Amino acid sequence: MERLLQAPITLALLLSNLGVSLYAFTDPSLLRELSFRPHRIQTHREGYRFLTAGFVHASGTHLAFNMITFYFFGPLLEGILGIGAFLLLYFGSELAAHALTFTAHRDDPNYSAVGASGAISGVVFAFCVFFPLRNLYLFFALPIPAVLFAFGYVFGSIYAMGGDSRGGVGDWIAHEAHVGGALAGVVLTILLEPRSVQVFLESFRQLLG
């Protein structure tokens, strides 16, 4: 809990996601109203969905997975970047993720998606720019370097994009958002903190001796 108290933006975003998502579980109409629906954005000018979709989730499991991931990565990145830059990273990644999804599905009237995956992908990949070789423990047991975890996450998302014909219709999860958010996370980190490139390269120099 102490780490969250030292990261007020991470704490506020966690509480916002939890509060809105849990309330939406009790009111399905709210889920439909806040979800990312590219066709409605295009035909009804409902641009607010670019932001609101990131605060509702498809299920308790979906919410828990995203929030646990954000809990582990958010406070450290907020401490490194500062409040303003961290906000730009989070929401910039979300907007980029939804922009990619919008481009792919704007002509599909049945497509809907929810979740903070785009924003959190951006945070995870920003972490990997600063700490590419730090071990992350998959399933809390299997150590894997952050950079490998990151690329595995991207390729898994690409596979899901190509292999899941439902897209976000059946499962409400926009697989494109993982890729768009990841790319935005890397680009925004470099723009917001140019020294991150040197940190990234130095990590590999130390590995090679």
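The model shown is predicted, which means the values in this text are computed figures rather than measured ones. (Residues numbered from 1 in each chain as written. Predicted model: local features only at pLDDT ≥ 70, side-chain atom pairs only at ≥ 80, totals over all residues. Heavy atoms only, no water.)

1. What to know about the environment of tyrosine 23
- By the secondary structure assignment, tyrosine 23 is in helix α2 (residues 8-26).
- Accessibility expressed as a relative area gives 52% for tyrosine 23, which makes it exposed.
- Through-space distance from the C-alpha of tyrosine 23 to that of valine 56 is 9.0 Å; in sequence the pair is 33 residues apart. (Helix = DSSP H or I, 4+ residues; strand = E, 2+ residues; numbered from the N terminus. Buried < 20%, exposed > 50% of the residue type's maximum accessible area, 1.4 Å probe, protein only.)

2. Let's talk about the side chain of glutamate 94
- As for its position among the elements, glutamate 94 is in helix α7 (residues 83-105).
- Summary of buried charges: glutamate 94 has no salt-bridge partner, and the nearest side chain of opposite charge, arginine 49, is 12 Å away.
- A distance of 3.3 Å separates a polar atom in the side chain of glutamate 94 from the backbone nitrogen of glycine 54. (Lys, Arg positive; Asp, Glu negative; His and termini not counted. Salt bridge = Lys/Arg side-chain N within 4 Å of Asp/Glu carboxyl O. Polar contact = N/O pair within 3.5 Å; in protein donor to acceptor, adjacent residues only side chain to side chain.)

3. A look at the packing of aromatic side chains
- Under the criterion given, the structure shown has 10 aromatic pairs.
- Aromatic side chains phenylalanine 55 and phenylalanine 91 sit 6.5 Å apart centroid to centroid with 35° between the ring planes, which places their arrangement in the tilted category. Linking phenylalanine 55 in the loop between α5 (49-52) and α6 (60-81) with phenylalanine 91 in helix α7, this pair joins segments that are 36 residues apart in sequence.
- We classify phenylalanine 91 as partly exposed; its relative accessible area is 24%.
- Considering the side-chain rings of phenylalanine 127 and phenylalanine 131, the 5.1 Å spacing of their centres and the 45° angle between planes classify their relative orientation as tilted.
- For phenylalanine 127, a relative accessible area of 4% gives the class buried.
- Three or more aromatic residues joined by ring pairs make a cluster, and in this case those are Phe55, Phe70, Phe86, Tyr90 and Phe91.
- Across from the ring centre of phenylalanine 131, 4.2 Å away, lies the NZ or CZ of arginine 134, which sits over that ring. (Phe/Tyr/Trp six-rings, centres within 6.5 Å; stacked < 30°, edge-to-face > 60°. Lys NZ or Arg CZ within 6 Å of the ring centre and 35° of its normal.)

4. Remarks on the environment of phenylalanine 204
- With respect to the helices and strands, phenylalanine 204 occurs in helix α11 (residues 195-208).
- For phenylalanine 204, a relative accessible area of 27% translates into the label partly exposed.
- Spatially, the C-alpha atom of phenylalanine 204 lies 8.0 Å from that of leucine 133, the residues being 71 residues apart in sequence.
- Not counting residues up to four positions away in its chain, the partners in contact with phenylalanine 204 are Pro132, Leu133 and Val147. (Contact = heavy atoms within 4.5 Å.)

5. What to know about empty space enclosed by the protein
- Scanning the entire structure with this criterion turns up 1 cavity of 30 Å³ or more.
- In this structure, the largest cavity occupies an estimated 50 Å³ of space.
- Lining the largest cavity are 10 residues, and of these His98, Val114, Gly115, Ala174 and Ala177 sit closest to its centre.
- Its residues placed into classes, the lining of the largest cavity shows 6 nonpolar, 4 polar and no charged. (1 Å grid on protein atoms, 1.4 Å probe; cavity = no way out; pocket = protein on both sides within 12 Å on 5 of 7 lines; lining within 4 Å. Points joined across faces, edges and corners; volume = space filled by probe spheres on them. Nonpolar A, V, L, I, M, F, W, Y, C, P; charged D, E, K, R; others polar.)

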